[in-house]
Amino acid sequence: MSGGEPLIRLEQVDKIFLQGELTVEVLKGIDLTVRAGEFIALQGASGSGKSTLMHILGLLDRPSGGRYLLQGRDVAGLTDDQLSELRNRLFGFIFQSFYLIPYVSALENVMLPGLYGATPTRQLRQRAQQLLEQVGLADRMHFRPGQLSGGQQQRVAMARALINDPQLLLADEPTGQLDSATSAGIMDLLREMHRQGRTVILVTHEVEISAAAERIIVLHDGRIANS
Amino acid sequence: MMAVSPILDALRQQSRILHMARQALWAHKLRSLFVVAAVALGIASLTVIVAAVDGAERKATEIVRWFGPDAVLVFGGNIESRAVGQRRLTLSYRDAAVLRRSLPGAYLVVPMRVKTNLSVRYRDRVIQVPLVVGATEGYTEAWDWPLDEGRDLSAADLVREAKVALLGDSTARELFGSRSPVGHTVLINQLPVQVVGRLSYRGVVTGSGSIDDRIIMPITTLTQRFNLNRKYFRALRIKFHAPELMAEHVANLRSLLRHLHRLGPGEMDDFTIITADEVLKFLSLFKSGLLLFLGLTALVAMTVGGFVLANLFYLSINERRTEIGLKKALGARNRAILCQVLAEAVCLTLLGALLGMGLGLGLGQLLSRLGLLQILFSWKVFGLAVVAALAIGLLFGLKPARQAAALQPIEVLKDAG
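Everything numeric in this text was worked out from a predicted model, so none of it was measured.

**Observations concerning the overall build of chain B**
(1) Moving on: Across its full length, chain B holds 13 helices and 14 strands.
(2) Moving on: In terms of overall dimensions, chain B is more spread out than a globule: its C-alpha atoms have a radius of gyration of 33 Å, far above the 22 Å expected for 417 residues.
(3) Moving on: Here the analysis covers contacts within chain B between residues at least 6 apart in sequence; of these, 79% occur between residues at least 24 apart.
(4) Moving on: Total accessible area computed for chain B in this model is approximately 20,500 Å², and 62% of it derives from carbon and sulfur atoms.

Structure follows, in structure tokens:
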């Protein structure tokens, strides 16, 4: 990880979607290097390809062309299950619409990614409790998502993203459904997570939000517009 | 330690998946209930059918054992053409005498006739006895039915038209409780009769009640006192040596009786010969009828249960696409999703099996109380129900589970971008 090996390296990554007869090139020749510990904002308008880029970075989608090296290793040949395992171990996801499971408690939502790993349940539960305390929800652990406000739900999701102690956090418009006061709290948390040494990639269309990042990458029409 | 930990990991993984499955089921109670109910109905019918077929089977062996492999029963009249109004009293005492004398291999020929539903009284106790059998000496031997106490009917009893009787075990119990009936006098329709013996307990239940509820009297006494036909009787019990030659015995008997009754070549028998094989054939016909009818019912019911399950699971998977996509995004492997859906299906079908067995047991009790079916419950029923439930769960759960496992997270986690 040290020794100059970047965490992620994209080389000439393309993504083409088929829409009936039409092919739509969503990403065109993206070159991107993410080093461990960076805080990057992927900024762009709707349709710029930033979400697609995030899906590719998060191993949720495969590029149509180019290479994706994760810790120096090409991920092109990996199976779905191998990708699942990598996502589980290395990545924490934070989504715009939180995506919590509605019928289980905040605590169990936080534990969810851990349940697919090998950590013993008791340890997992302790860690989930600590994380919920860190995001300020110590007194809401046994609430269902429906009993929490939007901001609280996103905090649960952030605690969930940290449960497996991932190196990289991928946050896709994490404040997109929140008012500005709540958003500020969420962004503070995200910065806090970065300060703890995690690599953070934030996807947003808002310039003010991306100001939190150390490096801003502007996507325009499937290409990186600055560098 | 190194060898054990992957197994432990797998176990932990499975128990976590099971836990998630339970939570999901509990969260969708109504849908779960529908599946459980549908499967329960199928399993209930399966339970009843297996129990009924087992019951029929047990009854068949009981009846055949009671009937005896070395004996036949001959009825006057042809059972197959009874509707024609054929004469039923065709067996005469002369027939019996000739058979006794000349039928090869036969060592016992006992003519019988019955009076049904007579009231019998001992002191102030009056009961209805469904069957009073008139027979000759040798009745107990002819039916392999030893006495518990007292003596058998004798040749002298027959000649004297003695007012003596043997009581079946149930009849004796009803009239005398645990005391011995031997030596006491009972009134059969006003006729005072001395009890000389008590038959041992047989315990076979036939269509018309307990076989132990009967009285045996000399056929001469019954004929005389109840004013029955003096020349003919109703049935004939014959015991043979060498039961392995039963087919030949029956052929001899038939041709002799046809000869005695002066039946021409084209004429139908005016009697019916029943052997243990015959009884078995009839009972297995009954059993396979039962199996076919109830089996089809159970199959249809279980298939319906399976389709209800598959349908509701497709709906459920569709409704929970986001949840499933999310789980995959967060690291669930395909197999974990597959296992969860299958676990949900199997949990419900097993629950349905339990409920269905309860329902089937209740229904079976009801049916046997009403005397409609003989029911025999065993561990086999339990095992079959569980296996059937597992099969329904896995079979009908598999496609929805596959569909769920094949979901791509990207298809469902589409935030505006």
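After that view of the structure, there is still more to cover.
**Observations concerning the pattern of salt bridges**
(1) Moving on: Summed over all chains, the structure comprises 31 salt bridges over all chains.
(2) Moving on: D80 of chain A serves as the salt-bridge partner of R62 of chain A, at 3.1 Å between the closest nitrogen and oxygen. Of this pair, R62 of chain A sits in the loop between α1 (50-57) and β4 (65-70) while D80 of chain A sits in helix α2 (residues 80-90); the two residues are 18 residues apart in sequence, bridging distant segments of the chain.
(3) Moving on: Among the ionic pairs, E411 of chain B bridges to R321 of chain B, the shortest N-O distance being 4.0 Å. Highlighted residues: E411 of chain B in helix α13 (residues 409-412) and R321 of chain B in helix α10 (residues 321-329), separated in sequence by 90 residues.
(4) Moving on: On the basis of relative accessible area, E411 of chain B is assigned to the partly exposed category, the value being 39%.

**Focus on helix α5 (residues 150-162) of chain A**
(1) Moving on: For α5 of chain A, with 13 residues, the first-to-last C-alpha span of 19 Å sits near the 18 Å given by 1.5 Å per residue.
(2) Moving on: Here α5 of chain A has its buried residues at G151, Q153, Q154, V156, A157, M158, A159, R160, A161 and L162 of chain A.
(3) Moving on: Where the residues of α5 of chain A are buried, they touch β6 (91-94), α3 (106-115), α4 (121-134), β7 (168-172) and α6 (180-195) of chain A together with α10 of chain B.

**Brief notes about the layout of surface pockets**
(1) Moving on: One number sums up the size of the second largest pocket: a volume of about 520 Å³.
(2) Moving on: Taken together, 19 residues make up the lining of the second largest pocket; nearest its centre are Y116, G117 and A118 of chain A together with Q13 and R333 of chain B.
(3) Moving on: At the level of elements, α2 of chain A together with α1 (4-27) and α11 (334-369) of chain B are the ones that each hand at least two residues to the lining of the second largest pocket.

**Remarks on a positive patch on the surface**
(1) Moving on: A surface patch of positive charge is lined by R94, R101, K231 and R262 of chain B.
(2) Moving on: Of note, K231 of chain B is situated in the loop between α7 (219-225) and β12 (232-233).

**Description of the packing of α10 of chain B against α11 of chain B**
All names here are of chain B.
(1) Moving on: Axis separation between α10 and α11 bottoms out at 9 Å; the angle between their running directions is 145°. Crossing geometry of α10 relative to α11 is assigned as right-handed. Facing α10, whose interface residues are E323, I324, K327 and K328, α11 presents N334, I337 and Q340.
(2) Moving on: Taken together, the residues of the contact of α10 with α11 break down into two nonpolar, two polar and three charged.

**A closer look at the interface of chain B and chain A**
(1) Moving on: On the chain A side, the residues contacting the 33 residues of chain B number 38 residues.
(2) Moving on: Both sides together, the interface formed by chain B and chain A hides about 2,900 Å², and carbon and sulfur atoms give 53% of it.
(3) Moving on: Viewed at the interface, chain A and chain B are joined by zero salt bridges.
(4) Moving on: On inspection of chain B and its partner chain A, the count reaches 16 residue pairs in polar contact (both at pLDDT 80 or more).
(5) Moving on: Counting only elements with at least two residues in the side of chain B that touches chain A, the list comes to α1, α10, α11 and α13 of chain B.
(6) Moving on: Looking at the side of chain B that touches chain A element by element, the count peaks at nine residues for α1 of chain B.
(7) Moving on: A class-by-class count of the residues in the side of chain B that touches chain A yields 13 nonpolar, ten polar and ten charged.

**A word on the environment of T33 of chain A**
Residue and element names in this part refer to chain A.
(1) Moving on: Among the structural elements, T33 can be located in strand β2 (residues 22-34).
(2) Moving on: With relative accessibility at 26%, the residue T33 sits in the partly exposed group.
(3) Moving on: Sequence separation between T33 and V207 is 174 residues; the distance between their C-alpha atoms is 22 Å.
(4) Moving on: Apart from residues no more than four positions distant in its own chain, T33 is found in contact with P6, I8, R9, E38 and R215.

Parameters and conventions
- Within each chain, residue numbers correspond to sequence positions counted from 1 in written order.
- Whichever chain is written first becomes A and whichever ligand is written first becomes 1, with later ones labelled in order.
- In view of the model being predicted, local features appear only for residues whose pLDDT reaches at least 70, and side-chain atom pairs are presented and counted only at 80 or more, with totals across whole chains, interfaces and linings using the full set of residues.
- Excluding hydrogens and water, the side-chain figures rest on all heavy atoms present in the structure.
- Helix and strand definitions here come from DSSP, where helices need a minimum of 4 consecutive H or I residues and strands a minimum of 2 consecutive E residues; each element is numbered from the N-terminal end.
- Atoms counted for the radius of gyration: C-alpha only. Globule rule: 2.2 Å times residue count to the power 0.38.
- Throughout, a residue-residue contact means that at least one pair of heavy atoms, one from each residue, lies within 4.5 Å.
- Here the Shrake-Rupley method, with its probe set to 1.4 Å, supplies the accessible areas, and only the displayed protein chains count as covering residues.
- Take a side-chain nitrogen of Lys or Arg and a carboxyl oxygen of Asp or Glu: if they are within 4 Å of each other, that pair is a salt bridge.
- Relative accessibility decides the category of a residue: with a 1.4 Å probe and only protein chains considered, values under 20% of the type maximum give buried, values over 50% give exposed, and everything between is partly exposed.
- Working rule for helices: expected span equals 1.5 Å times residues minus one.
- A 1.4 Å probe that fits but cannot get out identifies a cavity on a 1 Å grid over protein atoms alone, an open set with protein on both sides within 12 Å along at least five of seven lines counts as a pocket, and a residue lines either if it has an atom within 4 Å of a point.
- Grid points are joined across faces, edges and corners, and a volume is the space filled by probe spheres set on the points.
- Surface patches are drawn from residues lacking salt bridges whose relative accessible area is over 30%; two like charges belong together within 9 Å, two nonpolar side chains (Val, Leu, Ile, Met, Phe, Trp, Tyr) within 5 Å.
- The convention is simple: Lys and Arg are positive, Asp and Glu are negative, and His and the chain ends are not counted.
- By convention, the point assigned to a charge is CZ for Arg, NZ for Lys, CD for Glu and CG for Asp.
- To obtain each axis, a line is fitted to C-alpha atoms, and for helices this fit is confined to the stretch in contact; angles are then taken between N-to-C directions over 0 to 180 degrees.
- It is the rotation of the near helix from the far one that decides the hand of a crossing: anticlockwise by less than a right angle makes it left-handed, clockwise makes it right-handed.
- Think of it as three bins: nonpolar holds Ala, Val, Leu, Ile, Met, Phe, Trp, Tyr, Cys and Pro, charged holds Asp, Glu, Lys and Arg, and polar takes everything else, Gly as well.
- Each of two parts loses accessible area, computed with a 1.4 Å probe, when they are put together; buried area is these two losses added.
- Two N or O atoms form a polar contact when they lie within 3.5 Å of each other; inside protein one atom must be a possible hydrogen donor and the other a possible acceptor, and for residues adjacent in sequence the pair counts only when both atoms belong to side chains.

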